[in-house]
Amino acid sequence: MNKTLLKIGGSILTNKTGADISSIKRIAKEITNKNKLVLVHGAGYCGHPEADRLLGKSEICDIYNTHRAVSKLNSIFLDFLSDEIPVVPIHPLNVVIANDGRITAFDINCIKNALENDILPVIHGDIVFDRVRKFCIVSGDQIISYLARRLDVDKVGLATDVDGVYLDGKVLEEITEKNISKVLNQDYHLGKTHDVTGGMLGKIKELWGLSVESVIFNGSTVGNINRFLSGEPVGGTIIKPSRIEDL
Ligand SMILES: Nc1ncnc2c1ncn2[C@@H]1O[C@H](COP(=O)(O)OP(=O)(O)O)[C@@H](O)[C@H]1O
Ligand SMILES: [Mg+2]
C-alpha cells in the first residue's frame, strides 16, 4: 500500500498574530485527495516563541505550554479539515521518544490504523521527552524524514512559503549528489517565523538521504497543494534519493 506524506509548513498556517485562519481554511479546502495521505504540519509563529524561551531555561521544564501552543494550532487546522474529510490528530508528545534531539521510538500503529480506516492522520512538530536532554523539540521536517523511512511511502512533499530552495538567486530544480555540498555550504537566514528547528537548511538535511524523492514547493501559491496531491506539477525543488546518508 503506497502512501503520500505531505508537510504543511508552519510559515503558511500562521502569521505574527498566531493561526492564519484564512490561509488554514484555503489549505484545508485544497486537501481533498486524502487517499492514503499522512499529513504533518509545523508550528510557525505558534510554538516557536515558547520553544525558544523553553530551550533557554533548561531547568524549568515547561513542556505543557509549548505543547499547548502547537496542539492548539493542530486543533484549529483539524476543525477546518474535518469539514471536508474524517481526520484524527496525532500528538508526538504521547507517542515519540527522542535521544539527543533525534526520534528513536515512534509508535506508528495509530497512523496505520487511521489509514486502514480511511481517516486522515494529522501529526505536528512538538516537544517530546528525550533520554539525554529530558525533552527536545522535534520538527515537522524531522517527522517527515522519520516517517518516510518507516512507512511505505512513494511521494513526499513539503509545502512552504517560498518557491523552493534558492542558490545563487535562483530556485534550484533539483538537489543531487552533484550540487549537495554547494547547497549545504551556502548561507541561510531563518525564515520569517524564526524557526528554531533549522529552517530551510534543516529541511534539506532531513530530506537528503531518503530513498524516495521529495519536493519542496510553494504552498502559499493557491492550488499548489491540491495539484501536488493530484500528481500534477508544482515546480519547486526536487531532492533526489541518495545513498550518502551521513552529512
Ligand atoms: N536558500 C534558501 N532558499 C529558500 N528559502 C530560504 C533560503 N534561505 C533561507 N530561507 C528561508 O527559509 C524559509 C522556509 O523555512 P521555514 O520558515 O522553516 O518554513 P516552514 O514553515 O515551511 O518550515 C523561507 O521562508 C526562507 O525565508
Ligand atoms: Mg520550518
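Residues numbered from 1 in each chain as written. Chains lettered and ligands numbered in written order. Predicted model: local features only at pLDDT ≥ 70, side-chain atom pairs only at ≥ 80, totals over all residues. Heavy atoms only, no water.

Going by this rule: UniProt positions are given in the numbering used here, feature names are shortened, and annotations may be inferred rather than shown by experiment.
For the protein chain, the name recorded in an unreviewed UniProt entry is Isopentenyl phosphate kinase, with Methanoliparum thermophilum as its organism. UniProt, in the comment section headed Function (unreviewed entry), describes the protein chain in these words: "Catalyzes the formation of isopentenyl diphosphate (IPP), the building block of all isoprenoids." Looking at the protein chain in UniProt, the text filed under Subunit (unreviewed entry) is "Homodimer."

1. Focus: the overall build of the protein chain
Where we set the bar: Labels follow the DSSP assignment, with helices taken as runs of H or I lasting at least four residues and strands as runs of E lasting at least two, numbered in each case from the N terminus. Under the scheme applied here, a residue whose accessible area is under 20% of the maximum for its type counts as buried, over 50% as exposed, and between as partly exposed, the area being computed with a 1.4 Å probe on protein chains only. We call two residues in contact whenever any of their non-hydrogen atoms come within 4.5 Å of each other.
Helix and strand content of the protein chain: 10 helices and 16 strands. Structurally, the protein chain occupies a C-alpha span of about 45 × 40 × 35 Å along its principal axes. Buried positions account for 54% of the 247 residues belonging to the protein chain. Contacts spanning at least 24 positions in sequence make up 76% of the contacts within the protein chain whose residues lie at least 6 apart.

2. What to know about the pairing of strand β11 (residues 153-160)
Going by this rule: Strands were regarded as paired on the criterion that DSSP finds at least two bridges between them.
Of all eight residues in β11, six are buried, a share of seventy percent or more. With six bridges connecting them, strand β1 (residues 3-8) and β11 associate as parallel partners. Counterpart to Ile8 in the pairing with β11 is Ala159.

3. Description of the site of ligand 1
Note the threshold: Put simply, a residue is near a molecule or strand once any heavy atom of it comes within 4 Å of that molecule or strand. Polar contacts here mean pairs of N or O atoms no more than 3.5 Å apart (in protein, one a potential hydrogen donor and the other a potential acceptor; neighbouring residues in sequence count only if both atoms are side-chain atoms). Calculation of accessible area relied on Shrake-Rupley with a 1.4 Å probe; when residues are assessed, cover is drawn exclusively from the protein chains displayed.
For ligand 1, the set of nearby residues contains 19 residues, the closest of which are Ser11, Thr160, Asp161, Asp195 and Lys203. In this structure, Tyr166 approaches ligand 1 through a main-chain N or O atom, which is 2.8 Å from a nitrogen atom. Here an oxygen atom of ligand 1 sits 2.7 Å away from a polar atom, N or O, in the side chain of Lys203. Relative to its unbound accessible surface of 570 Å², ligand 1 loses 93% to contact with the protein.

4. What about the nonpolar core?
Inclusion rule: Put simply, a nonpolar core is a bunch of buried Ala, Val, Leu, Ile, Met, Phe, Trp, Tyr and Cys residues held in one set by side-chain atoms that sit within 4.5 Å of each other.
Judged by nonpolar contacts, the single largest core of 40 residues is most densely connected at Phe106, Ile111, Leu147, Ile175 and Ile204. The element contributing the most residues to this core is helix α7 (residues 140-150), with five residues. Beyond its immediate sequence surroundings of up to four residues, Ile111 is in contact with Val38, Ile90, Phe106, Pro121, Ile123, Leu147 and Leu151. Ranked by size, the runner-up nonpolar core spans 26 residues in total, among them Ile8, Ile12, Ala28 and Cys46.

5. Observations concerning the sheet that holds strand β16 (residues 237-239)
For clarity, the cut-off: Axis lines are fitted to C-alpha atoms, over the contacting stretch for helices. Their N-to-C directions set the angle, which ranges from 0 to 180 degrees.
One open sheet holds the eight strands; their spatial order is β5-β8-β4-β1-β11-β15-β16-β14, and the pairing between them is mixed. Two strands lie at the open edges of the sheet, namely β5 (87-90) and β14 (174-175), each paired on one side alone. Where β1 and strand β4 (residues 37-41) come together, five bridges link them in parallel fashion. Of the residues in β4, the one forming a bridge with Thr4 is Leu37. Running over the sheet, helix α4 (residues 63-81) touches β1, β4, β5 and β8 (120-124) and is turned about 155 degrees from β8.

6. Structural notes on the pattern of salt bridges
Selection criterion: Criterion for a salt bridge: a side-chain nitrogen of Lys or Arg within 4 Å of a carboxyl oxygen of Asp or Glu.
One pass over the structure, following the stated rule, counts 10 salt bridges. Where Asp141 meets Lys203, a salt bridge forms, and the shortest distance between an N and an O atom there is 3.3 Å. Here Asp141, found in helix α7, pairs with Lys203, found in helix α9 (residues 199-207); they are 62 residues apart in sequence, far enough to count as distant. Exposure class is identical for Asp141 and Lys203. Each is buried. Among the charged side chains, a network of salt bridges with common partners joins Lys7, Asp141 and Lys203.

7. Details of the sheet that holds strand β6 (residues 96-99)
With mixed pairing, the four strands of this open sheet are ordered in space as β7-β6-β9-β10. Strands with a single pairing partner mark the edges of an open sheet, and in this sheet they are β7 (102-106) and β10 (134-138). Sheet twist, expressed as the average angle between the axes of neighbouring strands with direction ignored, equals 45 degrees. Sitting on the sheet, α7 touches β7 and β10, and the angle it makes with β7 is about 50 degrees.

8. Details of the UniProt feature "site: Transition state stabilizer" (unreviewed entry) in the protein chain
Annotation from UniProt places "site: Transition state stabilizer" (unreviewed entry) at Lys16. Residue placement: Lys16 occurs in the loop between β2 (14-15) and β3 (18-19). Residue Lys16 is classed as exposed on the basis of its relative accessible area of 73%.

9. Quick look at the packing of helix α2 (residues 21-30) against α4
Here is the rule we go by: Orientation labels follow simple angle bins: below 35 degrees gives roughly parallel, above 145 gives roughly antiparallel, 65 to 115 gives roughly perpendicular, and whatever is left gives oblique. Crossings are classed by handedness, with left-handed meaning an anticlockwise turn of the near helix from the far one by less than a right angle and right-handed meaning a clockwise turn. Three categories are distinguished: nonpolar for Ala, Val, Leu, Ile, Met, Phe, Trp, Tyr, Cys and Pro, charged for Asp, Glu, Lys and Arg, and polar for the others, with Gly belonging to the last.
The contact between α2 and α4 brings their axes to 9 Å, and the two run at 50 degrees. With respect to α4, the element α2 is oriented oblique. When you trace α2 past α4, the crossing you get is right-handed. Listed contacts from α4 to Ile21, Ile24, Lys25, Ile27 and Ala28 of α2 are Leu73, Ile76, Phe77, Phe80 and Leu81. Of the residues that constitute the contact of α2 with α4, the class distribution is nine nonpolar, no polar and one charged.

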